[in-house]
Amino acid sequence: MNAKIKQAMATYKRSPFSFIMRLMLILSITFTVGMLAFILIYILAKGIPYLSPGLFSFNYTSENVSMMPSIITTLMMVGLSLIISLPFGIFTAVYLVEYAVKGSKVVEIIRLTTETLSGIPSIVYGLFGNIFFVTALGWKYSFLAGVMTISIMILPLIMRTTEEALIAVPDDWRQASFGLGAGNLRTVFKVVLPSAVPGILSGVILAIGRTVGETAALIYTLGTMAKIPNSLFSSGRTLALHMWVLSGEGLHINQAYATAVVLIVMVVGINALSGLVANKLQKR
Amino acid sequence: MKKVLSVILAMAMVSGFTACGGSENTEGGLENAFNGTITVISREDGSGTRGAFVELTGVEKKNEAGEKEDFTTVEAVIASKTDAVLTNVAGDEMAIGYISMGSMNDTVKAVKIDSVEATTENIKNGSYSIARPFNVATKENPSEVTADFISFMVSAQGQQIAGGSYITVDDAAAEYTAAGLSGKITISGSSSVSPLVEKMAEAYKELNPDVEIELNTTDSTGGMNDAANGVSDIGMASRELKDSEKQQLSGTTIAMDGIAVIVNKANPTENLTVEQIKTIYTGEVTEWEELA
Amino acid sequence: MNNQTKEKLARNIFFAFALSSILAVVLISVFIFAGGMPALKEIGVAEFVFGTKWKPTAATPYYGVASMIVGSLLITVGAVIIGVPVGIFSAVFLSSFCPGRLHRVINPAVNLLAGIPSVIYGFFGIIIIVPFVRNVFGGNGNSILAASILLGIMILPTIVSVSQSAIRAVPAAYYEGAVALGATKEQAVFKVVLPAAKSGVLAGVILGIGRSIGETMAVQMVAGNQPRITFDMTKGIRTMTTNIVLEMAEAADLHRSALIATGALLFLFILIINSMFFVLKRRMNSER
């Protein structure tokens with residue numbers, strides 16, 4: 001060990017550049033990881049003491065600002081926007097990979113628009129949702145307006161991961177399926193899609209993560225009502241919005257931190273899940 | 001390059017710390033020895049708290065053309081929420097801000113206005129000058145259930161709730177009795193009024209279980225626009241209705257609220273005149289020592 | 001229905017779904033640009049883009065967003081200066097210097113940094129970074145610098161993950177060749193491998209720029225939001241994104257349209273950044 005260090009020191013004496021670079025590398029990675037640790041520890045320390053059981057009761061009142069309705073709204077939001085977005089995302093990917101002529105104009109345009117969609121900032125989605133769904137279609141601040149906005153936002157995520165997963169399916173499998181007399185359609189649904197499931201799943205997890213943390217796109221579409229929406233046309237608030245509103249008047253700061261803890265736990269959970277799926281993908 | 005940068009950073013840190021120490025030393029000295037550039041913290045355009053504040057302190061005044069204009073200095077930090085005002089004032093010794101009295105807490109200090117303390121008493125008798133009404137507004141001929149909820153807000157029960165953190169408008173209001181209505185009411189607007197209306201809505205729903213109330217928090221002007229456009233049944237504003245709004249909406253005052261002018265706890269300033277506040281917010285005065 | 005018509009039908013259905021992204025982009029463009037049109041017409045494009053005064057609720061209103069364009073650009077440049085070196089070094093560390101076991105811990109941590117909601121970053125910013133800037137650099141802390149630091153942290157994961165995969169894609173022979181010629185590990189990585197991955201790294205940087213110019217909730221809590229031009233990093237400024245989120249609730253008529261026009265302008269910036277990314281990505285693919 002000692003000899004190893006000595007050898008390293010000798011190298012660095014010969015090349016100060018190497019030494020400086022090594023130092024920068026260590027400093028940078030320490031900064032990156034340190035920041036994450038700092039943020040996590042800070043939020044947990046501020047929030048955990050205020051995580052009372054009351055915050056998980058089913059009824060939100062102005063006295064007990066329960067986050068349960070928001071958690072349920074978040075889950076509903078995730079579920080419904082996935083239901084809308086998944087068929088569009090998956091079928092688009094199927095078209096691009098299995099049907100379209102490679103390099104054709106249509107394919108180019110679809111790629112370009114998908115790329116564009118994934119670069120649009122949340123606030124522009126929120127603005128669009130407010131102009132189109134809330135005002136032009138007259139849905140007002142509603143669950144549906146929020147869901148539609150989010151669905152468009154997560155569409156490129158699902159599209160792209162599915163496309164990658166489909167491309168990764170070996171061509172032999174398709175040939176084999178054709179050879180056994182299956183048509184294109186049958187091949188897609190029985191052979192290609194099933195083996196692309198883990199890839200699609202990783203896209204779904206990414207989309208869930210994005211939805212859970214979203215605020216800018218939802219403030220002016222979903223609104224901020226504190227109860228579980230009881231119809232598609234009633235307003236609601238997701239957990240991230242709940243945290244935003246709670247802190248607003250300075251009346252419930254501690255509860256806002258407690259909400260942040262739950263948000264962080266959700267995000268960590270989602271990330272762990274995505275790590276698991278990624279591992280599974282790599283093993284195959 | 002990197003080394004140079006880190007050296008600069010280290011130097012900046014050191015000088016930063018010594019600067020802090022310096023200001024602490026002078027603090028303990030003579031009265032009015034509080035020095036430094038004022039950090040003016042304002043709310044966003046459209047906030048009812050800002051609307052009421054600039055009107056009552058004269059920050060909103062007539063321009064050369066004789067039109068009313070908000071002269072808040074462009075250097076003011078714009079905080080979009082009460083919480084951001086509180087956090088900034090609590091952390092910055094040089095800061096001044098304003099918030100609803102209902103949101104006051106002990107991380108900051110409220111100053112007296114023209115030697116009058118911000119208390120319920122003083123607002124009721126009119127001696128504390130920076131107070132504003134909480135209004136709810138509807139279009140002409142609101143639905144039966146909407147009208148019923150508004151009558152609840154100004155009834156004895158409603159006013160009792162208002163008296164909790166805010167100031168009642170009618171201490172001799174009549175008792176409300178539920179008429180057994182059903183339906184849905186959508187409310188949106190001021191984030192200052194919203195905690196109060198939320199409490200009132202809860203009490204109302206206990207008496208009228210078949211009524212559904214949906215409350216969205218935006219800001220005063222937003223609430224008035226929503227009500228005028230039919231996006232919501234009731235709009236909430238933490239200020240008087242503007243003349244243009246009165247043409248489309250009819251307002252009801254459900255409570256009064258003081259606006260507390262707040263400074264950092266380390267700030268020795270105890271009292272400010274309305275005139276001083278005006279000069280701070282219009283940017284004529286930029287240093288604390290100028291107020292001495 | 002025979003098989004052939006079934007196949008044909010399926011093909012058409014898939015095609016119809018595939019048009020969804022085109023439809024979405026068209027809808028968004030049309031509504032955002034159409035919504036901003038009245039403001040641009042009434043105010044005048046030059047007056048809107050180069051006007052330095054933003055006073056939408058005054059009796060004689062001004063709608064100039066020049067300060068917000070400057071604000072978005074300054075904050076983004078700051079974020080790039082802070083985030084890009086740290087991000088690239090971190091990526092190099094993870095791809096070339098990190099033992100496998102450590103990598104399995106650090107890499108998910110970096111990904112987690114990307115998953116933290118921007119509201120939480122905003123809280124962190126107003127409570128930690130703003131006072132830090134106030135005490136160390138002076139001013140009141142709500143500043144371009146504070147926003148840049150916060151965004152510098154927020155764009156780290158984007159830069160790290162894209163750069164990392166670009167560096168990994170460089171053939172191992174490059175590295176081995178350099179080491180065989182007597183280069184130290186650092187020399188081989190920084191002078192041979194990293195330059196070979198530069199398109200990919202640049203793509204990561206551009207993605208980071210896109211993210212920081214579009215960030216809203218976190219920025220508005222630390223940037224001070226003053227609608228006037230300044231180049232003093234310790235002073236606050238408003239960005240295009242915060243202008244929208246601050247005033248959208250109350251805006252009506254021309255004011256609302258002016259805010260949508262701000263959104264259109266932001267959209268335009270994003271389109272430019274996007275197409276740069278697209279071009280780079282193509283170049284990267286053709287390099288392989």
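Remember, predicted model here, so these are calculated numbers, not experimental data. (Residues numbered from 1 in each chain as written. Chains lettered and ligands numbered in written order. Predicted model: local features only at pLDDT ≥ 70, side-chain atom pairs only at ≥ 80, totals over all residues. Heavy atoms only, no water.)

### Here's the deal with the interface of chain B and chain A
In many reports, interface size means the accessible area that the parts give up when they come together. Every contact between the two is made by 26 residues of chain B and, on the other side, 22 residues of chain A. If you look at where chain B meets chain A, you find zero salt bridges. The tally of links between chain B and chain A comes to ten residue pairs in polar contact (both at pLDDT 80 or more). Listed by contribution, the elements that provide at least two residues to the side of chain B that touches chain A are helix 3 (82-91), helix 7 (194-207) and strand 10 (211-217) of chain B. With six residues, strand 10 of chain B is the single largest residue contributor to the side of chain B that touches chain A. Partitioned by chemical class, the residues of the side of chain B that touches chain A number five nonpolar, eleven polar and ten charged. (Contact = heavy atoms within 4.5 Å. Salt bridge = Lys/Arg side-chain N within 4 Å of Asp/Glu carboxyl O. Polar contact = N/O pair within 3.5 Å; in protein donor to acceptor, adjacent residues only side chain to side chain. Helix = DSSP H or I, 4+ residues; strand = E, 2+ residues; numbered from the N terminus. Nonpolar A, V, L, I, M, F, W, Y, C, P; charged D, E, K, R; others polar.)

### Some points on the packing of helix 4 (residues 105-119) of chain A against helix 6 (residues 143-168) of chain A
Residues and elements named next belong to chain A. At a closest axis distance of 8 Å, the pairing of helix 4 and helix 6 adopts a crossing angle of 125°. The angle between helix 4 and helix 6 falls in the class oblique. Note that helix 4 runs across helix 6; the crossing there is left-handed. Residues R111, T114, E115, L117 and S118 of helix 4 form the contact with helix 6, whose own contacting residues are I152, L155, P156, M159, R160 and E163. (Axes fitted to C-alpha atoms, helices over the stretch in contact; angles between N-to-C directions. Parallel < 35°, antiparallel > 145°, perpendicular 65-115°, else oblique. Left-handed = near helix turned anticlockwise from the far one by under 90°.)

### Description of the interface of chain A and chain C
Listed per partner, the contact involves 76 residues of chain A and 74 residues of chain C. Summing the contributions of chain A and of chain C, the shared interface buries around 7000 Å²; its carbon and sulfur component is 81%. Applying the counting criterion to the chain A and chain C interface returns one salt bridge. A salt bridge links A:R22 to C:E186; the nearest nitrogen and oxygen atoms lie 3.0 Å apart. (Buried area = accessible area lost by both parts, 1.4 Å probe.)

### Focus on the side chain of B:K81
By secondary structure assignment, the location of B:K81 is in the loop between strand 4 (77-79) and helix 3. Buried and without a salt bridge, B:K81 has B:D83 as its closest oppositely charged side chain, separated by 4.2 Å. Polar contacts involving the side chain of B:K81 include one to the main-chain carbonyl oxygen of A:W244, which spans 3.3 Å. In contact with B:K81, not counting residues within four places along its chain, are A:W244, A:S247, A:G248 and B:R43. (Buried < 20%, exposed > 50% of the residue type's maximum accessible area, 1.4 Å probe, protein only. Lys, Arg positive; Asp, Glu negative; His and termini not counted.)

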